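Each chain, written out:
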Amino acid sequence: MTTQRTTSDEANDTTGGDRTGRFTRASRWEPLWQDIRYAARGLRRSPGFTAAVVLTLGLGLGANATMFGVVDRLLFRAPAYLSEPGRVHRVYLARTFERDGEQSSSNISYKRYLELTTGATTLDRTAAFFGAEMAIGTGDAAREVRVGTVSASFWSLFDARPVIGRFFTPAEDQTPDGTPVAVLGYAYWRANYGGRADVLGKPVTIGAKIYTIIGVAPEGFNGIAPQQPAAFIPITASTGDLFGGRERGGADRPTYYGSHNTSWMEMLVRRKLGVSVEAATADLTSVYRRSYLDQLTTNTGMRPIDLARPHAVVAPVLRERGPNRGQDTKVATWLVGVAAIVLLIACANVGNLLLARAFGRRREIAVRLALGVSRGQLLRQLVTESLLLAALGGLAGLAIAQWGGGLLQALLLQNVDRPSAFGDAHVLVFTTAAALLAGLLTGLAPALFAGRGDVAATLRSGARGGTYHRSRTRTALLIVQAALSVVLLVGAGLFVRSLRNVRTLDLGYDSDRVLFVTLEMRGVTLQGAGGGQLRRRLLERAEALPFVEHATRTVSVPFYMNINQTLIVPGIDSVNRLGDFYYHAVSPGYFATMGTPIRRGRGIADGDRQGGEPVMVVSESMARKLWPGREALGQCVKVGADSMPCSTVVGIAGDIKRGSLTQEEGLQYYVAIEQTTRNGGGLFIRTRGDAPRRAEALRRELQKEMPGVSYVTITPLAEILGSQTRAWSLGATMFTVFGAIALLLAAVGLYGVIAYTVAQRGHEMGVRVALGAQERDVVRLVLGEGLRLTGVGVAIGLLIAFAAGRYVGPLLFDVSPKDPGTFALVTATLLVVALLASGLPARRAARVNPNVALRAE
């Protein structure tokens, strides 16, 4: 019995102990909940103040969340499902060239890939991949989409498992043609097959082949591409579409897998455990040098190995962290810093608002202290209020980032899958941390100020507690806002000028009304000269349309497809040592279609056909380079080899830009396409009126000439060129947006400080007026203070912008980072804004009734 009572008592004691523990834990959190409820009631009583703070913080946090989401995907976030990302790398092969110095490229030939795979000893996995735009489906349902062509070893680098079915195996990825099997991307499977499991075993037409669906990749699996492919197919099975019959063997052509010269795919490697990046680099470099020596035996025109200095670069798997990071990424990285400046301005603004509120609540705080609230409790309550405001600002910032991310995607990440800002764990964590930091930064100083001072003196002051107290902290915050706003506005001005310079740059052709037509043959084979005949029929049909002004055939496209050929010119030892000369095979009407002027002589004419005298049109720069001080017309140029007949120069055309906006690239020459054996290429069509609006009508007409399942695609030339100006568009747009936000916040902050000062100095203003001060004197006094504070901030901001110019200069186009016009315009803008922001409080101060102001005291 005793034992039973003891057990029962212990049980009761345990239950009581659990209850006590729960009570203790609950009581521990009770003060925090009280502070949150108190802060929430206070914010509800001041809806205007709350809205202003939440919106201000939301703008700053939204700008940062947006830019973080971009840069995180470009530079930091490993591809989904990638196994051991720290050991996986993208391989680049680098060589030194006579004119361009060291150049590296991630493009690699299949033969080189096999040599590196079998020759390297520091790797435990290698894989090949290539992203191609290929048509999926048939008839009107056919769509050009991204398809991932990958080696079977690609799957072993990931922890992904197929949703249904399986991935393809090494036995299905064998040269020359692989096995036509496909793994669908998750999004494509859901959108086009409704997520049905019976898709396995069904056929799907990809490019010119019919593939059998064997599996579906997991949700969110992109491989290492920024956007999820519609399907993954064996890389060896894709070569028929990729090369269209070229490089696939024959009496005079090596196979794509037996030649070093066709570099088209990329390579991933995974280091063995314990192997350093340096060791893997040295290993791959050694194999590459042996491969290069082997290539020299069949390509005697290559640079000797001691001059080329070939070596491998083992780089991060993310392209934008590799040696060839683009201008877009550099601008985006800068914009992260710009977004941080916007957040600092927002924090300074909110800090000023909270300081003003703390001044106004001094008597309330004194009463609470007199009633026994400790200064520690008071500090905690005020910080809790600022953190609650920051949390609301964070939610507003995520909403802004959700919208702003769409804008950035349109400008920079068109081909990147962008999840919702609310559904991205990385963005959520970053925004939460930024909001917490902003809450502490904005709330700590006002909280410390509110807890200082003599309680008794504050209570005795009564109504006079509202008299004016100059705050150095508020003044400093206002100057900081003005200075940082200047930095952002100077950046905006410089990028806007760069973008204007780019858009007014003379490219040598007019792209606005030109459409580029490409032919997708999808396995349709045309015998002999059939390809040329088809393109001539397309050209004739296009020229017959009422909205077509000019049309021409071409085998090259500026900034998209460029061709080099060996040139031989009598009297010149080595033409190619003088520069890169770019080849264009065109039909009559090319120069009228493109808007490229003929300076002397003539262009390609109808009479320049097979069997006639070969002719050539050269650019002005090419004429000066090859025949300085002499007439280029009538000169002889041999294209391809010394055994070729002379092409007589019959015209001099204006220079054009074809590969870079920042380099002089005028070395171009044009031959008559009818005098070559080339039957490929596409068409340029100049329309009357808006070209993009004519694209679909043109496509429908030209499609009538296409045989079998082949089809045409239409792309505005301006769209192709748009990628060249995207970095400046991004910089100009985002700097301007962030600069406008900064200017607005600075104006609001200045208005708030001046208005508060005027309200606090009501007694002083009344005395001044009573003693004879004129209305203009009071206005001058208030405006002077606003302009003085802004002037100090502007001066500091100009110094910062001037010093930062050396870093931002490489991102600009044809404008100095210390451009005096931009600096002057920004200064004038800030001073005008200061006048406007100070004007309303100044008018209010000038209209103070001295009798009312003095009686109120």
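For the structure, check the block above.
Let us look at the structure shown here. Remember, it's a predicted structure, so these values are computed and weren't measured experimentally. (Residues numbered from 1 in each chain as written. Predicted model: local features only at pLDDT ≥ 70, side-chain atom pairs only at ≥ 80, totals over all residues. Heavy atoms only, no water.)

Some remarks on the packing of aromatic side chains
One pass over the structure, following the stated rule, counts 27 aromatic pairs. Plain terms: the ring middles of phenylalanine 68 and phenylalanine 430 are 4.3 Å apart, the flat faces sit at 5 degrees to each other, and that makes the pair stacked. With a gap of 362 residues between them, phenylalanine 68 in helix α2 (residues 47–76) and phenylalanine 430 in helix α11 (residues 425–450) connect regions that are remote in the sequence. By relative accessible area, phenylalanine 68 is classed as partly exposed at 22%. Plain terms: the ring middles of tryptophan 728 and phenylalanine 813 are 5.4 Å apart, the flat faces sit at 70 degrees to each other, and that makes the pair edge-to-face. Of this pair, tryptophan 728 sits in helix α18 (residues 717–760) while phenylalanine 813 sits in the loop between α20 (775–808) and α21 (820–846), placing them 85 residues apart in sequence. (Phe/Tyr/Trp six-rings, centres within 6.5 Å; stacked < 30°, edge-to-face > 60°. Helix = DSSP H or I, 4+ residues; strand = E, 2+ residues; numbered from the N terminus. Buried < 20%, exposed > 50% of the residue type's maximum accessible area, 1.4 Å probe, protein only.)

A few points about the packing of α20 against α21
Two elements in contact, α20 and α21, have axes separated by 8 Å at closest approach and are oriented at 155 degrees. Judged by the inter-axis angle, α20 sits roughly antiparallel to α21. As for the relative orientation of α20 and α21, their crossing is right-handed in sense. In this structure, α20 uses Glu775, Val778, Val779, Val782, Leu783, Gly786, Leu787, Thr790, Val794, Leu798, Ala801 and Phe802 to contact α21, whose residues at the interface are Phe823, Thr827, Leu830, Leu831, Ala834, Leu835, Ser838, Gly839, Pro841, Ala842, Ala845 and Ala846. (Axes fitted to C-alpha atoms, helices over the stretch in contact; angles between N-to-C directions. Parallel < 35°, antiparallel > 145°, perpendicular 65-115°, else oblique. Left-handed = near helix turned anticlockwise from the far one by under 90°. Contact = heavy atoms within 4.5 Å.)

Quick notes on α20
Working note: α-helix, 3.6 residues per turn, so residues spaced by three or four point in the same direction. For α20, which comprises 34 residues, the first-to-last C-alpha distance of 47 Å matches the rise-based estimate of 50 Å (1.5 Å per residue) to within 8%. At phenylalanine 802, α20 shows its maximal kink, close to 25 degrees. (Expected span 1.5 Å × (residues − 1). Bend = angle between axes of the 7 residues up to and from the residue.)

Some words on the environment of lysine 657
With respect to the helices and strands, the residue lysine 657 is situated in the loop between β21 (647–653) and β22 (668–672). On a C-alpha basis, the gap between lysine 657 and glycine 508 in space is 6.6 Å, while along the polypeptide they are 149 residues apart.

Considering the layout of surface pockets
The computed volume of the second largest pocket comes to approximately 460 Å³. Considering the residues around the second largest pocket, the lining is formed by 18 residues, among which Tyr583, Met644, Gln675, Thr676 and Thr677 are closest to the centre. The residue inventory of the lining of the second largest pocket, partitioned by class, reads eight nonpolar, nine polar and one charged. (1 Å grid on protein atoms, 1.4 Å probe; cavity = no way out; pocket = protein on both sides within 12 Å on 5 of 7 lines; lining within 4 Å. Points joined across faces, edges and corners; volume = space filled by probe spheres on them. Nonpolar A, V, L, I, M, F, W, Y, C, P; charged D, E, K, R; others polar.)

Re helix α6 (residues 277–296)
In this model α6 runs 28 Å from its N-terminal to its C-terminal C-alpha over 20 residues, within 8% of the 28 Å that 1.5 Å per residue would give. Elements that come into contact with the buried residues of α6 comprise β1 (88–97), α3 (110–119), β4 (123–136), β11 (263–271), α7 (305–308) and β12 (311–316).

Quick look at the state of the cysteines
Throughout this description, disulfide means a covalent bond between two cysteine sulfur atoms. Within the structure shown, the criterion is met by one disulfide. Residue pairing for cysteine 636: its cysteine sulfur links by disulfide to cysteine 646, the two sulfurs lying 1.8 Å apart. Judged by the torsion about the S-S bond (-70 degrees), the cysteine 636/cysteine 646 disulfide is left-handed. Of this pair, cysteine 636 sits in strand β20 (residues 636–639) while cysteine 646 sits in the loop between β20 and β21; the two residues are ten residues apart in sequence, bridging distant segments of the chain. (Disulfide = S-S within 2.5 Å.)

Considering the packing of helix α13 (residues 472–503) against α21
Contact geometry of α13 with α21 gives a least axis separation of 9 Å together with a crossing angle of 135 degrees. What the angle tells us is that α13 and α21 run oblique. Taken as a pair, α13 and α21 cross one another with a handedness that is right-handed. The residues of α21 that touch α13, namely those facing Val486, Leu489, Val490, Gly493, Leu494 and Arg497, are Thr822, Phe823, Val826 and Leu830. Residue classes in the contact of α13 with α21 are distributed as seven nonpolar, two polar and one charged.

So, the pairing of β21
Of all seven residues making up β21, seven are buried, and the element is well covered by its neighbours. The sheet contact formed by strand β18 (residues 598–601) and β21 spans three bridges and is antiparallel. Each residue of the ladder has a partner; that of glycine 601, found in β21, is glycine 651. In the sheet, strand β19 (residues 615–619) pairs with β21 via five bridges, with the strands oriented parallel. For methionine 616, the partnering residue across the bridge sits in β21 and is valine 649. (Pairing = 2+ DSSP bridges.)

Side note on the side chain of serine 838
Tracing the sequence through the fold places serine 838 in helix α21. At 2.8 Å, the side chain of serine 838 forms a polar contact with the backbone oxygen of alanine 834. Other than its neighbours up to four places away in sequence, serine 838 contacts Leu750, Ile754, Val782, Leu783 and Gly786. (Polar contact = N/O pair within 3.5 Å; in protein donor to acceptor, adjacent residues only side chain to side chain.)

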